[in-house]
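Listed below, chain by chain, are the residues.
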Amino acid sequence: MAEKSSTKIEEVVDLRTKLNGIFKRKRRTLEEDREIKRERRQTRRNSHESHSENGDSTELEKIHEGITQRALFDDEDCLKIEKKIDEVVANAEKGRYREKTVDRAPLRIKYFFGEGYTYGKQMSERGPGQERLYARGVVDDIPKWIFDMVERKIVDAGIVPKNFINSAVINDYQPGGCIVSHIDPGHIFDRPIVSASFFSASSLCFGCKFSFKPIRTTTPVLSLPISRGCVTVLR
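A brief report on the enclosed structure follows. (Residues numbered from 1 in each chain as written. Predicted model: local features only at pLDDT ≥ 70, side-chain atom pairs only at ≥ 80, totals over all residues. Heavy atoms only, no water.)

## As for the packing of helix α3 (residues 75-93) against helix α4 (residues 144-156)
- Contact geometry for α3 and α4: axes closest at 11 Å, N-to-C directions at 140°. Considering their axes alone, α3 and α4 lie oblique with respect to each other. Seen along the crossing, α3 lies across α4 with a hand that is left-handed. Here D77, K80, I81, K84, I85 and V88 of α3 come into contact with α4, specifically with W145, M149, V150 and K153.
- Partitioning the contact of α3 with α4 into residue classes produces six nonpolar, no polar and four charged. (Axes fitted to C-alpha atoms, helices over the stretch in contact; angles between N-to-C directions. Helix = DSSP H or I, 4+ residues; strand = E, 2+ residues; numbered from the N terminus. Parallel < 35°, antiparallel > 145°, perpendicular 65-115°, else oblique. Left-handed = near helix turned anticlockwise from the far one by under 90°. Contact = heavy atoms within 4.5 Å. Nonpolar A, V, L, I, M, F, W, Y, C, P; charged D, E, K, R; others polar.)

## Points about the packing of aromatic side chains
- For the structure shown, the criterion picks out four aromatic pairs.
- When the centroid spacing of 5.1 Å and the interplanar angle of 75° are considered together, the rings of F112 and Y117 count as edge-to-face. As far as the burial class goes, F112 and Y117 line up, both buried.
- Members of the aromatic cluster, connected to one another through ring pairs, are F112, Y117 and F189. (Phe/Tyr/Trp six-rings, centres within 6.5 Å; stacked < 30°, edge-to-face > 60°. Buried < 20%, exposed > 50% of the residue type's maximum accessible area, 1.4 Å probe, protein only.)

## Quick look at unusual backbone geometry
- Residues R191 and P192 are joined by a peptide bond in cis, for which omega reads 5°.
- You can see P192 is positioned in the loop between β4 (168-173) and β5 (193-196).
- For L107, which is not glycine, the phi dihedral falls at a positive 65°.

## Digging into the sheet that holds strand β10 (residues 230-234)
- Strand order across the open sheet formed by three strands is β1-β10-β5, with antiparallel pairing between neighbours. Edge strands, defined here as strands with exactly one partner in the open sheet, are β1 (67-71) and β5. Strand-to-strand twist across the sheet, computed as the mean angle between neighbouring axes with direction ignored, equals 20°.
- Examined bridge by bridge, β1 and β10 share five bridges and lie antiparallel to one another. Note that in β10 the partner of A71 across the bridge is C230. (Pairing = 2+ DSSP bridges.)

Pasting the structure below:
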């Protein structure tokens, strides 16, 4: 009898430990959501103060209206996904992907899965609307782990419907790396565009202009803080 009672007590303690772990993760996610909202409110106030005098507050409002953010991936999720991203980088270094899957630039490597497209210097004709999708099969299929570990959470959160995502792009930035200001072309990208951030915090800037050699940028209309594990939705 004593052994059975001891086993029951151990099971209860183990169950309480598991439940406490679940509740802590949920609380952390809620706290992260609140922190993101606080940062966005502060960013909006700062942006209004700095741009209202210049008459571009209307542009700022339009930018804010098209953005939503969620703290969707906790630390445990991030670590698992980051390990998978490291595997992608290692596979690329070993030449295991199709040629167009990997796009290298200074301080940034882009990995196309599902669909790939031409942009920038790759275009035969420059200008908006000249971007083109690669033929099917030119880039590798979306890895199963992206569907299981990333897409599933995004769908479960109601951000996009199931089977909406047919393209996944990993941007691997080195320290000091960035991507130049651009508009994702509407004839290639359906909305919303969903971005998930891993490894570190970053920022997404709107309304800034680039110059090169060395890289210089103008002051952005909006600099949006993005925390690790945060999902940003652009509509």
